[in-house]
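Take a look at the letters that make up each chain.
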Amino acid sequence: MAALYRNVRQGHTCAQRAQPIQATLGDVPTAYKPVLWTRELVMQVLGRDLQPVSGEDQPWQATGVNRRPSIIEAGDLYIASAEKGEDKLRQQVPQMFRQGAVAAIVAGPTPAVQGWSPLYRVADSKAAMSKLGAYARARTKATVVGVTGSVGKTGVKDALLHVLSQSRPTFANYRNANCGWGLPETLSNLPADVGYAIFEMGMLGPGSVGPKSERVEPHVALITALAPAHMGYHGSMDSIAETKAEIVAGMKSGGTFVVPRDTQWFSILENKAKSSPQVGRVLTFGEHESADVRMLEAEIGATFSIVTADLLGRRVKFEIGLGGRHWVSNGLAIVATVLALDADVDVALGALRGLTPSFRRGERFRALIANTKKVVEIIDDTWNANPISVAAALEQLRMLRLAPRARRVVYLGDMLELGPEERQMHESLLDTIEQAAVDVVHTVGTLTRTLHEKLPSKIQGTHYPNAGAAAKAVPDALSDGDLVLVKGSNGIDMWRIVHALVPQRRFARSVPPHWSLADERSVRH
């Protein structure tokens with residue numbers, strides 16, 4: 001039987017929509033910050049690499065490890081992410097202590113200054129953090145999940161955090177800290193006594209995922225999807241599939257490999273599992289008739305979807321609190337991972353209803369444009385972009401209801417790291433844009449220039465050389481009631497356009513899941 005899709009009219013209330021099957025939320029564990037590190041333990045782990053500068057005898061204990069001055073919290077151990085000059089240290093380190101850091105570790109020559117205490121020096125701060133991360137991974141009792149994929153990995157990681165934390169205390173990496181410094185920093189923050197730990201792993205070129213897996217040592221490894229992201233580092237999609245499959249390299253013996261059954265590169269993933277003795281079983285998800293977690297029917301909405309699926313022979317119906325066809329696939333991946341963990345499936349199915357967008361991945365805001373009476377609805381999808389994710393964002397834009405006399409407006413930035421066919425891939429978005437019932441398309445960057453020139457005149461907006469130029473013009477370019485999608489690769493800084501409309505993000509009015517400006521105005525009038 002083929003899987004069935006039905007579009008659902010956005011704007012219905014919870015009571016009007018179909019309810020999930022008997023899937024109730026468990027008690028949500030109380031949030032807490034355990035002590036992760038003490039002075040004695042850090043000195044034990046780092047040994048002679050750690051040289052006291054000041055406050056050697058001062059006791060301390062840390063509830064976090066952080067390398068980013070902008071988000072230091074009370075109780076953090078601050079580890080500088082690069083060698084700092086003396087002038088920079090004199091500015092930055094005291095500020096870290098004022099923000100609540102309990103100790104600081106920096107690289108390179110470090111002057112002892114009164115008030116900088118306790119302060120330590122290492123030759124290589126990244127190596128020091130990696131040692132802390134390795135120790136934390138070895139001591140934890142958590143069942144560990146590794147997540148990678150060309151699209152969806154951060155959203156799925158955040159969704160797994162939400163779902164699994166309904167049953168047991170769960171840890172996950174901050175935003176998309178999945179490469180370079182991000183993974184050792186995340187590992188160093190791993191508590192000893194959580195039930196589950198989720199680690200997102202990013203990919204660049206061949207051989208880039210395996211070493212991360214060997215650090216994380218997952219019990220369950222999930223690939224969300226395969227798409228031409230980071231193609232600039234690969235010669236083919238086969239190479240991308242093979243690199244993503246490296247996630248099993250560090251898997252614990254007898255672990256479970258969760259993979260998309262519908263992908264045309266499934267045989268590569270299957271062969272990797274067969275050739276890896278540590279893989280105990282493979283669980284598949286998708287629409288394919290042989291998928292272990294198989295979608296049978298889906299009612300797709302802009303802000304939610306209702307899915308009927310077969311879970312290893314059990315027919316279930318559940319709601320996902322995020323809209324678009326891509327979130328149906330993500331939901332199946334999450335359920336398959338829950339099965340792989342032998343966690344409570346009914347609790348997980350109920351929790352899927354409460355999902356919210358991840359940071360800069362489809363977040364929606366209601367914005368009053370400064371010094372005007374214009375109110376617009378913004379979709380911030382500025383963290384990353386490739387042809388698959390752009391198509392998904394445009395599909396969601398099309399399904400959202402539009403206020404009377406309002407427009408669907410798109411700001412589309414370059415999609416980076418797509419390889420030698422990058423310009424053709426940008427031009428290929430033309431059909432997708434036209435199908436999305438868009439009224440105006442503004443383009444930003446270098447690679448979107450040709451796409452801009454080929455847009456039909458009735459929807460062709462302005463081409464901007466960079467996001468800064470677009471941000472300056474955006475208040476005047478929008479009309480009252482507009483529904484605005486901002487999308488592009490992170491390296492293009494498309495966030496600047498959102499920031500021009502929502503300057504104080506922390507205090508911005510993020511909209512309820514099923515709100516729309518169209519509904520607000522229909523109620524008002």
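As shown above, the structure is provided for reference.
The model shown is predicted, which means the values in this text are computed figures rather than measured ones. (Residues numbered from 1 in each chain as written. Predicted model: local features only at pLDDT ≥ 70, side-chain atom pairs only at ≥ 80, totals over all residues. Heavy atoms only, no water.)

Caption draft 1: Highlighting the pairing of strand E13 (residues 255-260). In terms of burial, E13 is largely enclosed, as six of its six residues are buried. In terms of strand pairing, strand E12 (residues 220-223) meets E13 through three bridges, oriented parallel. Its bridge partner being in E13, Val-220 is matched across the sheet by Thr-256. Chirality of the crossover, the property in question, places the unit of E12, helix H7 (residues 237-244) and E13 among those that are right-handed. The pairing of E13 with strand E14 (residues 279-286) spans six bridges and is parallel. Across the sheet, Phe-257 pairs through a bridge with Val-282, a residue of E14. Since E13 and E14 lie parallel, the crossover through helix H8 (residues 266-274) that links them has a hand, and here it is right-handed. (Buried < 20%, exposed > 50% of the residue type's maximum accessible area, 1.4 Å probe, protein only. Helix = DSSP H or I, 4+ residues; strand = E, 2+ residues; numbered from the N terminus. Pairing = 2+ DSSP bridges. Right-handed = clockwise from strand over helix to strand, strands pointing away.)

Caption draft 2: Representation of the packing of helix H1 (residues 39-46) against helix H3 (residues 125-139) in the model. For the pair H1 and H3, the least separation of the axes is 10 Å and the interaxial angle reads 105°. As the angle between them shows, H1 and H3 are arranged roughly perpendicular. Residues Leu-41, Val-42, Gln-44, Val-45 and Leu-46 of H1 form the contact with H3, whose own contacting residues are Ala-128, Lys-131, Leu-132, Tyr-135 and Arg-139. Looking at the contact of H1 with H3 residue by residue, the classes come out as seven nonpolar, one polar and two charged. (Axes fitted to C-alpha atoms, helices over the stretch in contact; angles between N-to-C directions. Parallel < 35°, antiparallel > 145°, perpendicular 65-115°, else oblique. Contact = heavy atoms within 4.5 Å. Nonpolar A, V, L, I, M, F, W, Y, C, P; charged D, E, K, R; others polar.)

Caption draft 3: Geometry of the environment of Leu-164. For Leu-164, the location among the structural elements is in helix H4 (residues 153-164). Sequence separation between Leu-164 and Val-338 is 174 residues; the distance between their C-alpha atoms is 7.9 Å.

Caption draft 4: Up close: the packing of aromatic side chains. Inspection of the entire model under this criterion finds four aromatic pairs. Here Phe-171 and Phe-199 contribute two aromatic rings whose centre-to-centre distance is 6.0 Å and whose plane-to-plane angle is 55°, an arrangement assigned as tilted. With Phe-171 in strand E10 (residues 170-172) and Phe-199 in strand E11 (residues 196-200), the pair connects residues that are 28 residues apart, well separated along the chain. One cation-aromatic arrangement involves Arg-139 over Trp-37; the distance from NZ or CZ to the ring centre is 4.6 Å. (Phe/Tyr/Trp six-rings, centres within 6.5 Å; stacked < 30°, edge-to-face > 60°. Lys NZ or Arg CZ within 6 Å of the ring centre and 35° of its normal.)

Caption draft 5: View of the side chain of Gln-396. Within the secondary structure, Gln-396 sits in helix H11 (residues 387-399). A relative accessible area of 13% places Gln-396 in the buried class. Gln-396 has contacts with Ala-302 and Gly-323, leaving out every residue within four places of it along the chain.

Caption draft 6: Representation of unusual backbone geometry within the structure. One non-glycine residue, Leu-312, adopts positive backbone phi at about 50°. Counting through the fold element by element, Leu-312 comes out in the loop between strand E16 (305-311) and strand E17 (314-320). For Asp-342, which is not a glycine, the phi torsion comes out positive at approximately 60°. Examined against the element boundaries, Asp-342 turns out to sit in the loop between helix H9 (325-341) and helix H10 (345-351).

Caption draft 7: Spotlight on the side chain of Ser-213. For Ser-213, the position within the fold is in helix H6 (residues 210-216). Ignoring anything within four residues of it in the chain, the contact list for Ser-213 reads Met-201, Pro-218, Glu-246, Ile-247, Val-248, Ala-249, Gly-250 and Met-251.

Caption draft 8: Region of the structure containing the nonpolar core. Core analysis: the largest hydrophobic core is formed by 69 residues, its most contacted members being Leu-160, Phe-318, Leu-394 and Ile-433. With 11 residues, H9 is the single largest residue contributor to this core. Excluding its chain neighbours within four sequence positions, the residues that come into contact with Leu-160 are Val-145, Val-147, Ser-165, Ile-198, Leu-222, Ile-334 and Thr-337. Core analysis: the next-biggest nonpolar cluster, separate from the first, contains 53 residues, Leu-36, Ile-105, Ala-221 and Leu-269 among them. (Core = buried A, V, L, I, M, F, W, Y, C linked by side-chain atoms within 4.5 Å.)

Caption draft 9: H1, seen in detail. Along H1, the residues that are buried comprise Arg-39, Leu-41, Val-42, Val-45 and Leu-46. For H1, the angular spread of buried residues about the axis comes to 165°, placing them on one side. Where H1 is buried, its residues meet strand E2 (37-38), strand E6 (76-79), strand E7 (103-107), strand E8 (119-122) and H3. (Arc of directions from axis to C-beta.)

Caption draft 10: Broad picture of the sheet that holds strand E3 (residues 51-54). Spatial strand order, E3-E8-E7-E6-E5: five strands in an open sheet with mixed pairing. Of all the strands in the sheet, just E3 and strand E5 (64-66) have a single pairing partner and so form its edges. If you compare each strand with its neighbour and ignore which way they point, the axes differ by 25° on average. Of the pairings in the sheet, the one linking E7 to E8 comprises four bridges and is parallel in character. Residue pairing for E8: Ala-104 is matched across the bridge by Leu-119. Set on the sheet, helix H2 (residues 86-98) makes contact with E6, E7 and E8; between it and E7 the angle comes to about 155°.

Caption draft 11: Looking closely at H3. With 15 residues, H3 should reach 21 Å at 1.5 Å per residue; the first-to-last C-alpha distance of 22 Å fits that figure. N-cap assignment for H3: the residue whose side-chain oxygen lies 3.1 Å from the backbone N of Lys-126 is Asp-124. (Expected span 1.5 Å × (residues − 1). Polar contact = N/O pair within 3.5 Å; in protein donor to acceptor, adjacent residues only side chain to side chain.)

Caption draft 12: Molecular detail of the pattern of salt bridges. All chains considered together, the criterion is met by 14 salt bridges. The shortest N-O distance in the salt bridge between Arg-67 and Glu-185 comes to 2.9 Å. Of the two residues, Arg-67 is situated in the loop between E5 and E6 and Glu-185 in helix H5 (residues 182-188); the sequence distance between them amounts to 118 residues. Taking the shortest distance from any N to any O, the salt bridge between Glu-427 and Lys-454 comes out at 3.0 Å. Of this pair, Glu-427 sits in helix H12 (residues 422-427) while Lys-454 sits in helix H14 (residues 449-454), and the two are 27 residues apart along the sequence. Taking the relative accessible area as the measure of exposure, Glu-427 reaches 23% and is therefore partly exposed. Taken together, the shared-partner salt bridges connect Arg-67, Arg-68 and Glu-185 into one network. (Salt bridge = Lys/Arg side-chain N within 4 Å of Asp/Glu carboxyl O.)

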